[in-house]
Amino acid sequence: PTPAPEAAPSELSPLERYAVPTEAEDDAPRMAIVLIDDGTGPLGPDTVGEFPFAVSFAIPASHPDAAATAQGYRDAGFEVLAIAGVPEGAQATDVEVTLEGSLGAVPEAVAVMEAPGDGLQATRAISEQAAQYLGASGHGLLMQPKGLNTGEALARREAVPTVTVFRDFDGEGQDPRVMRRFLDQAAFKARQEGAVVMLGRLRADTVSALLLWGLQDRASSVALVPI
């Protein structure tokens, strides 16, 4: 039979259009590592181009040079996410404005990452509004763990490709040894469940811990893939 024609780039969702191909075997346990770049440190696209395995970068609209930074990571072959969240007391109607602004600030994002703290799960109405917006925009959604992860269930109901962070491995000032232990635990979880997502920040200690961990046997037991 004649193969179906490939979709034109304009017909693909942002998640499909901006995804970085991976060579992981279909049945390999997967781990995605997302690093937040908020623009406050010295590291950036110019300093991570030689990362030996796949990582993805999440950028908030408050980054002092969000668009150029996102483009720098894209040019270096990385996937990027736009960080979004609404403050406590926000209304569901605020969600669309927030998501539009976050995605506008971070071009070629494959997904939105819920901001740690002020996120997208304060109320069911906020979670539903976020899911509906992303269902229409074609972006994925990376959620922060919260309770029974109702926000993830609501997003899936709107056919939004969604996953929840397994662990934030450096958010409380953990030293590199503890970070590596958390990454080992995540690799074990991935072998049990098929896939996990780890969240960190673009800091020297975190990058050092990741590079050292990447040389260990536990790292080779999972496929390190873009988000």
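The preceding data block contains the structure.
Throughout what follows, the structure given in this document is the object of discussion. (Residues numbered from 1 in each chain as written. Predicted model: local features only at pLDDT ≥ 70, side-chain atom pairs only at ≥ 80, totals over all residues. Heavy atoms only, no water.)

## Side note on unusual backbone geometry
Negative phi is the rule for most residues except glycine; trans is the rule for most peptide bonds.
For step 1, the next point in the chain: Unusually for a residue other than glycine, E108 sits at a positive phi of about 65°.
For step 2, the next point in the chain: Mapping E108 onto the fold places it in the loop between α3 (93–105) and β4 (111–114).
For step 3, the next point in the chain: Residue classification places E108 among the partly exposed residues on the basis of a relative accessible area of 26%.
For step 4, the next point in the chain: Although it is not a glycine, A159 sits at a positive phi angle of roughly 65°.
For step 5, the next point in the chain: Position of A159 among the secondary structure elements: in the loop between α5 (150–157) and β6 (162–164).
For step 6, the next point in the chain: A relative accessible area of 65% means that A159 is categorised as exposed. (Helix = DSSP H or I, 4+ residues; strand = E, 2+ residues; numbered from the N terminus. Buried < 20%, exposed > 50% of the residue type's maximum accessible area, 1.4 Å probe, protein only.)

## A closer look at helix α6 (residues 176–193)
For step 1, the next point in the chain: Across its 18 residues, α6 extends 25 Å between first and last C-alpha, which sits within 8% of the 26 Å expected from 1.5 Å per residue.
For step 2, the next point in the chain: Taken together, the buried positions of α6 are occupied by V178, M179, F182, L183, D184, A186, A187 and A190.
For step 3, the next point in the chain: Next to the buried residues of α6 lie β1 (30–36), β7 (167–168), β8 (195–201), α7 (204–214) and α8 (217–220).
For step 4, the next point in the chain: For α6, the N-terminal cap is D175; the gap from its side-chain oxygen to the backbone nitrogen of R177 is 3.0 Å. (Expected span 1.5 Å × (residues − 1). Contact = heavy atoms within 4.5 Å. Polar contact = N/O pair within 3.5 Å; in protein donor to acceptor, adjacent residues only side chain to side chain.)

## Comments concerning the packing of α6 against α7
For step 1, the next point in the chain: Here α6 crosses α7 at 50°, and the two axes come no closer than 9 Å. Between α6 and α7, the crossing angle belongs to the class labelled oblique. For the pair α6 and α7, the sense of crossing is right-handed. For the pair α6 and α7, contact is made by P176, M179, R180, L183, D184 and A187 and by D205, T206, A209, L210, L212 and W213, respectively.
For step 2, the next point in the chain: For the contact of α6 with α7, the class distribution of residues is eight nonpolar, one polar and three charged. (Axes fitted to C-alpha atoms, helices over the stretch in contact; angles between N-to-C directions. Parallel < 35°, antiparallel > 145°, perpendicular 65-115°, else oblique. Left-handed = near helix turned anticlockwise from the far one by under 90°. Nonpolar A, V, L, I, M, F, W, Y, C, P; charged D, E, K, R; others polar.)

## Here we look at the pairing of strand β3 (residues 79–84)
For step 1, the next point in the chain: In terms of burial, β3 is largely enclosed, as six of its six residues are buried.
For step 2, the next point in the chain: Neither face of β3 is exposed, since E79, L81 and I83 on one face and V80, A82 and A84 on the opposite face are all buried.
For step 3, the next point in the chain: Regarding the hand of the β-α-β motif, the stretch spanning β3, α3 and β4 is right-handed. (Right-handed = clockwise from strand over helix to strand, strands pointing away.)

## Some remarks on the pattern of salt bridges
For step 1, the next point in the chain: Applying the stated rule across the entire model yields nine salt bridges.
For step 2, the next point in the chain: The salt bridge partner of E108 is R74, with a shortest N-O separation of 2.9 Å. Separated by 34 residues along the polypeptide, E108 in the loop between α3 and β4 and R74 in helix α2 (residues 66–75) bring together distant segments of the chain.
For step 3, the next point in the chain: Since its relative accessible area comes to 17%, R74 is described here as buried.
For step 4, the next point in the chain: Linked through salt bridges whose partners overlap, the residues forming this network are R124, E128 and R157. (Salt bridge = Lys/Arg side-chain N within 4 Å of Asp/Glu carboxyl O.)

## Regarding the side chain of E152
For step 1, the next point in the chain: In this fold, E152 is placed in helix α5.
For step 2, the next point in the chain: Residue classification places E152 among the buried positions, given a relative accessible area of 16%.
For step 3, the next point in the chain: Among all residues touching E152, those that are not within four sequence positions of it are M143, T162, V163 and T164.

## Concerning the packing of helix α4 (residues 124–137) against α5
For step 1, the next point in the chain: Across the interface, α4 lies against α5 with an axial gap of 9 Å and an inter-helix angle of 35°. The interaxial crossing formed by α4 with α5 has right-handed handedness. In contact with R124, S127, E128 and A131 of α4, α5 contributes T150, G151, L154, A155 and R157.
For step 2, the next point in the chain: For the contact of α4 with α5, the class distribution of residues is three nonpolar, three polar and three charged.

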